[in-house]
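Reading the structure
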There are 2 protein chains.
Amino acid sequence: MAAKIISCQIVEYQGREKSCGEENLVYEYPLTIFLNGQELVTLLCSQEQADALALGFLRTEGLISSYDDIVSRRFDQSRGVIEITTKQEGQLSERLYSKRLIPTGCGSCGKGGLFYNIIDSLKCRSVVSEISLSPEQVYDFMSQTLNYSKTYRVTGGVHSAALFDNSKMLVAAEDIARHNAMDKVIGLALLDKIDFQDKIIAVSGRISSEMLLKTAKLQIPIIISKSAPTHLAVELARELKVTAIGFVRGEKMTIFSAEERIK
Amino acid sequence: MAAKIISCQIVEYQGREKSCGEENLVYEYPLTIFLNGQELVTLLCSQEQADALALGFLRTEGLISSYDDIVSRRFDQSRGVIEITTKQEGQLSERLYSKRLIPTGCGSCGKGGLFYNIIDSLKCRSVVSEISLSPEQVYDFMSQTLNYSKTYRVTGGVHSAALFDNSKMLVAAEDIARHNAMDKVIGLALLDKIDFQDKIIAVSGRISSEMLLKTAKLQIPIIISKSAPTHLAVELARELKVTAIGFVRGEKMTIFSAEERIK
């Protein structure tokens, strides 16, 4: 089953040449799993086969051992909630309790059904910044970020991220996980007492809704990536007035939101 | 600062031609953060700038607002533990409590300092399977898995995963997150009452230690990927007798562990 795709209006640059167009984005969906009446985790996922995702998650986390452990499951697609009841209710709550924190996979978030509340509460805090960049600066910042990672060239196994002001790279980091690379850059900026006002963050990996939320929380006005954003990241970027630029490759880029900052 | 690289003995195939060699792998490191005496989260990361990662994580999760909130930090590199004390100890515990589950980023795991205990407990459960594959089957399974995802070709924003027996694809799924794609495949297999004995899992994304642990827990003997594994994934694969094959591209592949299953 193919993942849902959302078409979205964008602004494209080739060199200095600007044009308008459409880009297809993959739909990103918060799915909250309740196990035996208890909120377990919220996974950010593609909407299709959400039911299978919930079962697979319970199995790989060792919370069920086969399909026969399931007594009932109820999936409310519009609310993004799946409620699962299992046989060993007692044993499970003990196991959950002893774990205390539920392991979450890539792209997951532990905020539970609160995901949309958090987005709501951020809406009043749109990013305010007068900074603007030329297309050449964006191309240059992206290329500096990608060239920073010598490890990538040797192993193909890391992501890099870097923070810029409107003239130069301030700090950079790499990690096996794209969220970690970004968090390292944030931590390095804290250690150097750099504030995030009017800065630009460049990342090698995809822009997911979590990456976009990190950017907005820090009031960073511009995020650039060589990869694609998800549809939810673009929706958030538009709400929160973050300039999200994807597919920055050589002298080409695609602007998904707040394009007035590129001049 | 460049991420640490580990050189590792591998077996390479080009078509049917086999040779031995070395491959550089990025080092993967479990870092457990204690905040005000409480175990917060374990991040799987590159070892460098672990200090900055911990600070950045606290900042992007809203647990500190600036460097000035930090009273002390102590990093024990050999144990992979960082202990941070902050000013607003009282307020923080309340905020943690009200969140209940701590959001964790990509590649993170909530198992806390127990990470190595879990690995230890798995050691006694090495994957036992007599299955073997020809190189051509591996190339074919990878190409079927990559071609499954029409969304990838349209958006560039998803990962795909599929489960095979030694002759054909059984179930397949795609998702914006590689862990979700894998969990969906597991869930689909559960729904179809397929057991995992003697099966092969193919994934488009990198093989991290978490992906490898999921594979081993289900007693799946072979995992194949078009991308790189991390060093910790390879270490685990060797301990747990999982055949881990990376860089499967066209008629080439690299075998990192338990190569006796490829004939």
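Everything in this summary refers to the structure shown in the same document.

Here is what the cut-offs are and how they apply
- Residues numbered from 1 in each chain as written.
- Chains lettered and ligands numbered in written order.
- Predicted model: local features only at pLDDT ≥ 70, side-chain atom pairs only at ≥ 80, totals over all residues.
- Heavy atoms only, no water.
- Helix = DSSP H or I, 4+ residues; strand = E, 2+ residues; numbered from the N terminus.
- Buried < 20%, exposed > 50% of the residue type's maximum accessible area, 1.4 Å probe, protein only.
- Contact = heavy atoms within 4.5 Å.
- Areas by Shrake-Rupley, 256 points an atom, 1.4 Å probe, with all protein chains shown as cover.
- Pairing = 2+ DSSP bridges.
- Right-handed = clockwise from strand over helix to strand, strands pointing away.
- Axes fitted to C-alpha atoms, helices over the stretch in contact; angles between N-to-C directions.
- Salt bridge = Lys/Arg side-chain N within 4 Å of Asp/Glu carboxyl O.
- Polar contact = N/O pair within 3.5 Å; in protein donor to acceptor, adjacent residues only side chain to side chain.
- Parallel < 35°, antiparallel > 145°, perpendicular 65-115°, else oblique.
- Left-handed = near helix turned anticlockwise from the far one by under 90°.
- Nonpolar A, V, L, I, M, F, W, Y, C, P; charged D, E, K, R; others polar.
- Phe/Tyr/Trp six-rings, centres within 6.5 Å; stacked < 30°, edge-to-face > 60°.

Scanning chain A for helices and strands turns up eight helices and 13 strands. Taking all 263 residues of chain A together, 62% fall into the buried category. Pairs at least 24 residues apart make up 51% of the contacts formed inside chain A by residues separated by at least 6 positions. Here chain A has roughly 10,000 Å² of accessible surface; of this, 49% comes from carbon and sulfur atoms.

A few words now on the pairing of strand S11 (residues 222-225) of chain B. Residues and elements named next belong to chain B. On S11, burial covers both faces: Ile222 and Ile224 on one face and Ile223 and Ser225 on the other are all buried. As judged from the four bridges shared by strand S10 (residues 200-203) and S11, these two strands associate in the parallel manner. Bridging across to S11, Ile200 finds its partner in Ile222. Running through helix H7 (residues 209-217), the crossover from S10 to the neighbouring parallel element S11 is right-handed. Direction of pairing for S11 relative to strand S12 (residues 243-249): parallel, over a ladder of three bridges.

Before going further, it helps to spend a moment on the sheet that holds strand S1 (residues 5-14) of chain A. All names here are of chain A. The eight strands lie next to each other as S2-S1-S13-S12-S11-S10-S8-S9, forming an open sheet whose pairing is mixed. Unpaired on one side and paired on the other, strand S2 (17-26) and strand S9 (169-175) mark the two borders of the sheet. Each neighbouring strand pair of the sheet contributes to a mean axis angle of 25 degrees, computed without reference to strand direction. Here helix H6 (residues 178-191) sits on the sheet in contact with strand S8 (159-164), S9 and strand S10 (200-203), set at roughly 145 degrees to S9.

Moving on: the sheet that holds S10 of chain B. Residue and element names in this part refer to chain B. If you walk across this open sheet you meet the eight strands as S2-S1-S13-S12-S11-S10-S8-S9, and the pairing is mixed. Edge positions in the sheet fall to strand S2 (17-26) and strand S9 (169-175), since each of these pairs with one other strand and no more. Neighbour-to-neighbour, the strand axes of the sheet open up by a mean angle of 25 degrees, direction not taken into account. Its contacts with the sheet put helix H4 (residues 135-148) on strand S1 (5-14), strand S8 (159-164), S9, S10, S11, S12 and strand S13 (252-255), and the angle it makes with S8 is roughly 135 degrees.

So, on to the pattern of salt bridges. Residues and elements named next belong to chain A. By the definition in use, this model includes 20 salt bridges over all chains. Of the charged contacts in the structure, one is a salt bridge between Lys18 and Glu259, with a shortest N-O distance of 3.2 Å. With a gap of 241 residues between them, Lys18 in strand S2 and Glu259 in the segment after strand S13 (252-255) connect regions that are remote in the sequence. Exposure remark for Lys18: the relative accessible area of 46% places this residue in the partly exposed category.

Quick look at unusual backbone geometry now. As a rule of thumb, non-glycine residues mostly have phi less than zero, and peptide bonds are mostly trans rather than cis. Residues and elements named next belong to chain B. In this structure, Lys193 takes a positive phi of about 55 degrees despite not being glycine. Residue position: Lys193 is located in the loop between helix H6 (178-191) and S10. At Ala258, a residue that is not glycine, the phi angle is positive and equals roughly 45 degrees. Within the secondary structure, Ala258 sits in the segment after S13.

This part is about helix H8 (residues 231-240) of chain A. Residues and elements named next belong to chain A. Summarising burial for H8: seven of the 10 residues are buried, a large majority. Listed in full, the buried residues belonging to H8 are His231, Leu232, Ala233, Val234, Leu236, Ala237 and Leu240. Within two residues after H8, Lys241 carries a phi angle of roughly 60 degrees, on the positive side.

Residues and elements named next belong to chain B. By the secondary structure assignment, Asp165 is in the loop between S8 and S9. Relative accessible area serves as the criterion here: at 17%, Asp165 is assigned to the buried category. Side-chain polar atoms of Asp165 contact the backbone nitrogen of Ser167, separated by 2.8 Å. Only 2.9 Å separates the side chain of Asp165 from the backbone nitrogen of Lys168, close enough to count as a polar contact.

Residue and element names in this part refer to chain A. At their nearest, the axes of helix H7 (residues 209-217) and H8 sit 8 Å apart, and the two run at 20 degrees to each other. Judged by the angle between their axes, H7 and H8 are roughly parallel. For the crossing formed where H7 meets H8, the hand is right-handed. Contacts between H7 and H8 involve Ser209, Leu212, Leu213 and Ala216 on the former and, on the latter, Leu232, Ala233, Leu236, Ala237 and Leu240. Broken down by class, the residue content of the contact of H7 with H8 amounts to eight nonpolar, one polar and no charged.

We describe a pair of aromatic rings using the distance from one ring centre to the other and the angle between the two ring planes. Residue and element names in this part refer to chain A. Taken as a whole and judged by the stated rule, the model has four aromatic pairs over all chains. On the numbers, 6.4 Å between centres and 50 degrees between planes, the contact of Phe247 with Phe256 is tilted. When its relative accessible area of 16% is taken as the criterion, Phe247 is described as buried.

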